Amino acid sequence: MRSKATREAGLWSPSRNKYVWWPPGPPAIPSPTLTHELALVLQGGFSVVLDVAVNADGTKIMVADLMRSVSLLHYDTDSHAISVVARDTTPRWLSAAFLVEDEGGASNTTRVVFADSNFNLGFLEQTPNAADEDIVRLKNIGEIYTGEFINRFRVGSLSNLSPMNTLIFGTISGKVGLIAPLTQNEHALLKRLQAALEEVIGAIGGFDVKAFRSPCSTIGRLNPTEITDASIVDGDIVETYLQLDAAGQENVMKGAGFDTSEGHDAVALVLKLARLK
């Protein structure tokens, strides 16, 4: 018997476990807690319409507003003041968001994963010295349509054997999804595999995958040429490689242009990520 809350590492399918991974780089996931001191200052010094998520990492605070999207703030420990350092200027009706700090990466970037009322999931990024302006605009580095209303992100895992820093999300329909980090090399390898699989498998059930995953706005779907999913690997697609017969897998390897070593690494990576569920 299925449990009421479906335990599913997925985005939209009620029948299979799925994945979506965040952009390249191994971010260290911060604690979602906000100290009492910061909470008091935030309440008194920053105006929001309705915050849907607030979390902090050290002196950096992420505030996700229902109507004003995401803002990044800095807490000055000497003056006990908060200032806005970056914000997303794109109008979004957010349903959830979470701060992801890339402390180990050479670029020292700050990323925020978000979900909105149009069933999209995406990533915003702030890079140091991105502009001379006092307030930097957060850059949208990847966004896809999930088909699910996501209302919470939390640090966690769907497997006790998982060695990776992963993020899980919940939806109002009871599904649980998984987001896992990839290195630059892993991302490049899986992107090639995904592109080859899309060509070999084609439109499942008559639905074009790229068209389905294109972000949705209040005025409709984005043009396929405007899709900004380059930073995201779609686990729905890459996992289908394991379901192909030997001939199908060989065609995918040829389509991706993998040599023997690359093909072995790609399959090993898919198997490793499949165990996270």
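Computed from a predicted structure; not experimentally measured.

Caption draft 1: Helix α6 (residues 260–274), seen in detail. With 15 residues, α6 should reach 21 Å at 1.5 Å per residue; the first-to-last C-alpha distance of 21 Å fits that figure. Near the N-terminus of α6, the side chain that reaches the backbone nitrogen of S261, with its oxygen 3.1 Å away, is that of D259.

Caption draft 2: Broad picture of the packing of helix α2 (residues 184–201) against helix α5 (residues 246–256). Viewed as axis vectors pointing N to C, α2 and α5 meet at an angle of 125°, and their least axial separation amounts to 8 Å. Judged by the angle between their axes, α2 and α5 are oblique. Judged by the twist between their axes, the crossing of α2 over α5 is right-handed. Between α2 and α5, the contacting residues are R192, L193, A196, L197 and V200 on the first element and N251, V252, M253, G255 and A256 on the second. Looking at the contact of α2 with α5 residue by residue, the classes come out as 7 nonpolar, 2 polar and 1 charged.

Caption draft 3: Quick peek at the pattern of salt bridges. Going through the model one piece at a time under the given rule, you end up with 8 salt bridges. One salt bridge connects R111 with E125, and the closest N-O pair in it is separated by 3.1 Å. Residue R111 is found in strand β7 (residues 110–116), and its partner E125 is found in strand β8 (residues 120–126); the two are separated by 14 residues along the sequence. E125 matches R111 in its accessibility class, with the two residues each being buried. When salt bridges with common partners are traced through the structure, they connect D88, R92 and E143 into a single cluster.

Caption draft 4: Quick look at the environment of V270. Mapped onto the secondary structure, V270 falls in helix α6. Ignoring sequence-local partners within four residues, the contact set of V270 consists of L190, L193, V238 and L242.

Caption draft 5: Region of interest: the pairing of strand β2 (residues 51–57). Of the pairings in the sheet, the one linking β2 to strand β3 (residues 60–65) comprises 6 bridges and is antiparallel in character. By the bridge assignment for β3, A56 is matched with I61. Adjacent in sequence and paired antiparallel, β2 and β3 are bridged by 2 residues, among which G58 carries a positive phi angle near 65°.

Caption draft 6: Representation of unusual backbone geometry within the structure. If you check the backbone angles, S69 has positive phi at about 60° while not being a glycine. Although it is not a glycine, F119 adopts a positive phi angle of roughly 70°. In this structure, F119 sits in the loop between β7 and β8. Judged by relative accessible area, which is 29%, F119 ranks as partly exposed.

Caption draft 7: Local environment of the confidence of the model for the protein chain. On average, residues of the protein chain carry a pLDDT of 76, and 70% of them reach 70 or more. Taken together, the stretch residues 1–19 has pLDDT below 50 and engages in 68 contacts with residues farther than four places along the chain or on a different chain. Note that residues 22–38 has pLDDT below 50 and, in this model, 65 contacts with residues that lie over four places away or in other chains.

Caption draft 8: Quick look at the sheet that holds β3. Strands sit in the order β2-β3-β4-β5-β9 across an open sheet of 5 strands; the sheet is mixed. Only two strands of the sheet have a single neighbouring strand rather than two, namely β2 and β9 (136–137). Relative to strand β5 (residues 81–87), strand β4 (residues 69–76) runs antiparallel, the two being bridged by 6 bridges. Bridge pairing in β5 places L73 opposite V84.

Caption draft 9: Summary view of the packing of aromatic side chains. Tallying each qualifying case throughout the model produces 3 aromatic pairs. Ring geometry for F119 versus Y145: centroids 6.3 Å apart, planes at 45°, classification tilted. Of the two residues, F119 sits in the loop between β7 and β8 while Y145 sits in strand β10 (residues 139–145), which places them 26 residues apart along the sequence. An angle of 65° between the planes, with centres 6.1 Å apart, marks the rings of F153 and F169 as edge-to-face. Note that F153 is positioned in strand β11 (residues 150–155) and F169 in strand β12 (residues 167–171), a separation of 16 residues in sequence. Among the aromatic residues, those joined into a ring-pair cluster are F119, Y145 and F149.

Criteria and thresholds
Residues numbered from 1 in each chain as written. Predicted model: local features only at pLDDT ≥ 70, side-chain atom pairs only at ≥ 80, totals over all residues. Heavy atoms only, no water. Helix = DSSP H or I, 4+ residues; strand = E, 2+ residues; numbered from the N terminus. Expected span 1.5 Å × (residues − 1). Polar contact = N/O pair within 3.5 Å; in protein donor to acceptor, adjacent residues only side chain to side chain. Axes fitted to C-alpha atoms, helices over the stretch in contact; angles between N-to-C directions. Parallel < 35°, antiparallel > 145°, perpendicular 65-115°, else oblique. Left-handed = near helix turned anticlockwise from the far one by under 90°. Contact = heavy atoms within 4.5 Å. Nonpolar A, V, L, I, M, F, W, Y, C, P; charged D, E, K, R; others polar. Salt bridge = Lys/Arg side-chain N within 4 Å of Asp/Glu carboxyl O. Buried < 20%, exposed > 50% of the residue type's maximum accessible area, 1.4 Å probe, protein only. Pairing = 2+ DSSP bridges. pLDDT = per-residue confidence, 0-100. Phe/Tyr/Trp six-rings, centres within 6.5 Å; stacked < 30°, edge-to-face > 60°.

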